[in-house]
Amino acid sequence: MGKPLDIRFTALDGREVDLAKLTGKVVLVEYWSTTCGPCIAELPAVKAAYEKFRERGFEVVAISLDDKESALRRFIKEKGLPWPQHFDGKGWENKFALQYGVFSIPTMWLVDKCGNLRATDVRFDLEQRIKSLLDEQESPAPK
């Protein structure tokens, strides 16, 4: 908490993603899977927040814990998910899940404009948490 996350990858769609290069934006890092009912239930809220705040500098970076690429690609297409997806086919052995100790999904983290992890449980007040980080100045006041 309060430190940068080292998340860099080539997304399923070929986009290069590097959290360090998203400084100046508020980023939701979402660990999820197409086989997780609660994850799928969260998607409308994530999509709504993305559409509402992306013009203000909000991004979503998804870390898929799926193990079947074809099912993930089909789901992304069917649901129209526009944000980059990390997929390594390792399910719960996913590189970033292991690196950051993610043991349950959905797990949703917010990274502030300075690139620091600021919140690790934002499922129930997502829009308010995003708005408050977007409203902050580039250098958040020390707490």
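I will try to describe carefully the structure that is included in this document. Because the structure is predicted, anything quoted here is derived from the model rather than measured.

**Quick word on helix α1 (residues 37–53)**
Now for step 1: Here α1 contains 17 residues, and its C-alpha end-to-end distance of 25 Å stays within 8% of the 24 Å for a straight helix at 1.5 Å per residue.
Now for step 2: Bending of α1 peaks at approximately 35 degrees at the position of L43, with proline P44 no more than four residues after it.
Now for step 3: Of the positions making up α1, those classed as buried are C39, E42, L43, V46, A49, Y50 and F53.
Now for step 4: Tucked inside the fold, the buried residues of α1 contact β3 (26–32), β4 (58–64), α2 (69–79), β6 (107–111) and α4 (126–135).

**A word on α4**
Given 3.6 residues to a turn, an α-helix orients residues that are three or four positions apart in the same direction.
Now for step 1: Buried within α4 are the following residues: L126, I130, L133 and L134. Seen along its axis, α4 keeps its buried residues to an arc of 100 degrees; they face one direction.
Now for step 2: Taken together, the buried residues of α4 touch β3, α1, β4, β6 and β7 (117–119).

**Structural notes on the packing of aromatic side chains**
Now for step 1: The tally for this structure, following the rule as stated, stands at 5 aromatic pairs.
Now for step 2: Taking 6.1 Å as the distance between ring centres and 55 degrees as the angle between the ring planes, the aromatic pair formed by F9 and F96 counts as tilted. Here the residue F9 occupies a position in strand β1 (residues 8–10), and F96 occupies one in helix α3 (residues 95–99), the gap between them amounting to 87 residues.
Now for step 3: We classify F96 as buried; its relative accessible area is 1%.
Now for step 4: Seen from their ring centres, W32 and F75 are 5.5 Å apart, and the 50 degrees between their planes marks the pair as tilted. On the criterion of sequence distance, the pair formed by W32 in strand β3 and F75 in helix α2 is long-range, its members being 43 residues apart.

**Describing the side chain of D18**
Now for step 1: Following the sequence through the fold, D18 ends up in strand β2 (residues 16–18).
Now for step 2: The buried charged residue D18 lacks any salt bridge partner; its closest oppositely charged side chain belongs to K21, at an N-O distance of 4.4 Å.
Now for step 3: Those residues in contact with D18, other than ones at most four positions away along the chain, are I7 and R8.

**A look at the sheet that holds β3**
Now for step 1: The 5 strands are arranged β5-β4-β3-β6-β7 in an open sheet whose pairing can be described as mixed. Of all the strands in the sheet, the pair left with one neighbour each is β5 (85–86) and β7.
Now for step 2: Alignment of β4 against β5, held across 2 bridges, turns out to be parallel. Counterpart to I63 in the pairing with β5 is H86.
Now for step 3: Strands β3, β4 and β6 of the sheet are contacted by α1, whose axis makes an angle of about 155 degrees with β4.
Now for step 4: Of the strands in this sheet, β3, β4, β6 and β7 touch α4, which is tilted by about 15 degrees from β6.

Reading the values: rules and limits
- Residues numbered from 1 in each chain as written.
- Predicted model: local features only at pLDDT ≥ 70, side-chain atom pairs only at ≥ 80, totals over all residues.
- Heavy atoms only, no water.
- Helix = DSSP H or I, 4+ residues; strand = E, 2+ residues; numbered from the N terminus.
- Expected span 1.5 Å × (residues − 1).
- Bend = angle between axes of the 7 residues up to and from the residue.
- Buried < 20%, exposed > 50% of the residue type's maximum accessible area, 1.4 Å probe, protein only.
- Contact = heavy atoms within 4.5 Å.
- Arc of directions from axis to C-beta.
- Phe/Tyr/Trp six-rings, centres within 6.5 Å; stacked < 30°, edge-to-face > 60°.
- Lys, Arg positive; Asp, Glu negative; His and termini not counted.
- Salt bridge = Lys/Arg side-chain N within 4 Å of Asp/Glu carboxyl O.
- Pairing = 2+ DSSP bridges.
- Axes fitted to C-alpha atoms, helices over the stretch in contact; angles between N-to-C directions.

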